[in-house]
Amino acid sequence: DNVCEDGYYTSKPFICHRCHQNCGKCVDFDENSCKTCADDLMYFHPQGEVGFCANPRSESNPCQRGHYSSQSQDYVCLKCHPSCGECGGDGANECLNCQDASKMLKLEDLASLKGSCVENCPERYHRASSDKKCLPCHHSCKACLDGKENSCSECPLESVLNITNASGQTGTCVKICSNTVSP
């Protein structure tokens, strides 16, 4: 229990010392020993029971790289999933980019641009030409060059590839008709 006023911490034998300038409450002078922040505009980065306080990095993500702003707690930054460089939440599918620069970001939510980090683009996804992102193919394709309906390079079992492009490599996937006759 701290017998000192806010902005100070107790050392033995009950001497009050000033906290680091960023801390509102603390357990030691170190900047990583904050329990709360000195200024409401600073963001708290918990590391167990204590943490550090920092000014917002930007309006869209005020937290330091590898952290995200908690929706349930004001001015608190929580750690991203270890695979994420930056993120919008704590899950492996909440990454905005990857911690490992060799990985691809498989976008699962195009509206929020969040996804998971993968070695290579999986089936039904294609690599975006401009960056290290895997984007979904058109829903009719098994493999594709981009997200357009006529850029399929492979079709699911129930479909055939109808070549529509001059290169002879891509086209649309057309469902196979089943002409079964009932007895």
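Located above this text is the structure these notes cover.
A. Inspection of the packing of aromatic side chains at higher detail. A complete count under the given rule lists one aromatic pair for this structure. Ring centres of Tyr 43 and Tyr 75 lie 5.2 Å apart, and the angle between their planes is 65°; this geometry places the pair in the edge-to-face category. Separated by 32 residues along the polypeptide, Tyr 43 in strand β5 (residues 43-47) and Tyr 75 in the loop between β7 (67-69) and β8 (77-79) bring together distant segments of the chain. Note on Tyr 43: relative accessible area 14%, which makes it buried.

B. Local environment of the pattern of salt bridges. Under the counting rule described, the total for this entry stands at eight salt bridges. A salt bridge links Arg 65 to Glu 86; the shortest N-O distance between them is 3.6 Å. One end of the pair, Arg 65, is in the loop between β6 (50-54) and β7; the other, Glu 86, is in strand β9 (residues 84-87), and 21 residues separate them in sequence. Taking relative accessible area as the criterion, Arg 65 reaches 44% and is therefore assigned partly exposed. The class of Glu 86 is buried, set by a relative accessible area of 18%. A salt bridge links Glu 119 to Lys 103, with the nearest nitrogen and oxygen atoms 3.1 Å apart. Linking Glu 119 in the loop between β12 (114-118) and β13 (125-127) with Lys 103 in the loop between β10 (95-98) and β11 (104-109), this pair joins segments that are 16 residues apart in sequence. A cluster of three or more residues bridged by salt bridges with shared partners is formed by Glu 123, Lys 142 and Glu 154.

C. Expanded view of a nonpolar patch on the surface. A cluster of nonpolar side chains, namely Val 160, Val 174 and Ile 176, defines an oily patch on the protein surface of about 240 Å² accessible area. Relative to the helices and strands, Ile 176 resides in the segment after β18 (171-175).

D. Quick look at the state of the cysteines. Applying the stated criterion across every chain, the model contains twelve disulfides. The residue that forms a disulfide with Cys 23 is Cys 34, at a sulfur-sulfur distance of 1.9 Å. The S-S bond linking Cys 23 to Cys 34 shows a torsion near -65°; that makes this disulfide left-handed. With Cys 23 in strand β3 (residues 23-26) and Cys 34 in strand β4 (residues 34-37), this residue pair connects regions lying eleven residues apart in the sequence. On the basis of relative accessibility, which here comes to 0%, the residue Cys 34 falls in the buried class. With a sulfur-sulfur separation of 2.2 Å, Cys 98 is cross-linked through a disulfide to Cys 117. Handedness of the Cys 98-Cys 117 disulfide follows from its S-S torsion of about -110°: it is left-handed. Linking Cys 98 in strand β10 with Cys 117 in strand β12, this pair joins segments that are 19 residues apart in sequence. Each of the two residues, Cys 98 as well as Cys 117, counts as buried.

E. Structural context of the side chain of Ser 159. Along the polypeptide, Ser 159 turns up in strand β17 (residues 159-163). For Ser 159, a relative accessible area of 11% translates into the label buried. Excluding its chain neighbours within four sequence positions, the residues that come into contact with Ser 159 are Cys 173, Val 174, Lys 175 and Ile 176.

Thresholds, definitions, all that
Residues numbered from 1 in each chain as written. Predicted model: local features only at pLDDT ≥ 70, side-chain atom pairs only at ≥ 80, totals over all residues. Heavy atoms only, no water. Phe/Tyr/Trp six-rings, centres within 6.5 Å; stacked < 30°, edge-to-face > 60°. Helix = DSSP H or I, 4+ residues; strand = E, 2+ residues; numbered from the N terminus. Buried < 20%, exposed > 50% of the residue type's maximum accessible area, 1.4 Å probe, protein only. Salt bridge = Lys/Arg side-chain N within 4 Å of Asp/Glu carboxyl O. Patch = residues over 30% accessible without salt bridge, like charges linked within 9 Å, V, L, I, M, F, W, Y side chains within 5 Å. Areas by Shrake-Rupley, 256 points an atom, 1.4 Å probe, with all protein chains shown as cover. Disulfide = S-S within 2.5 Å. Contact = heavy atoms within 4.5 Å.

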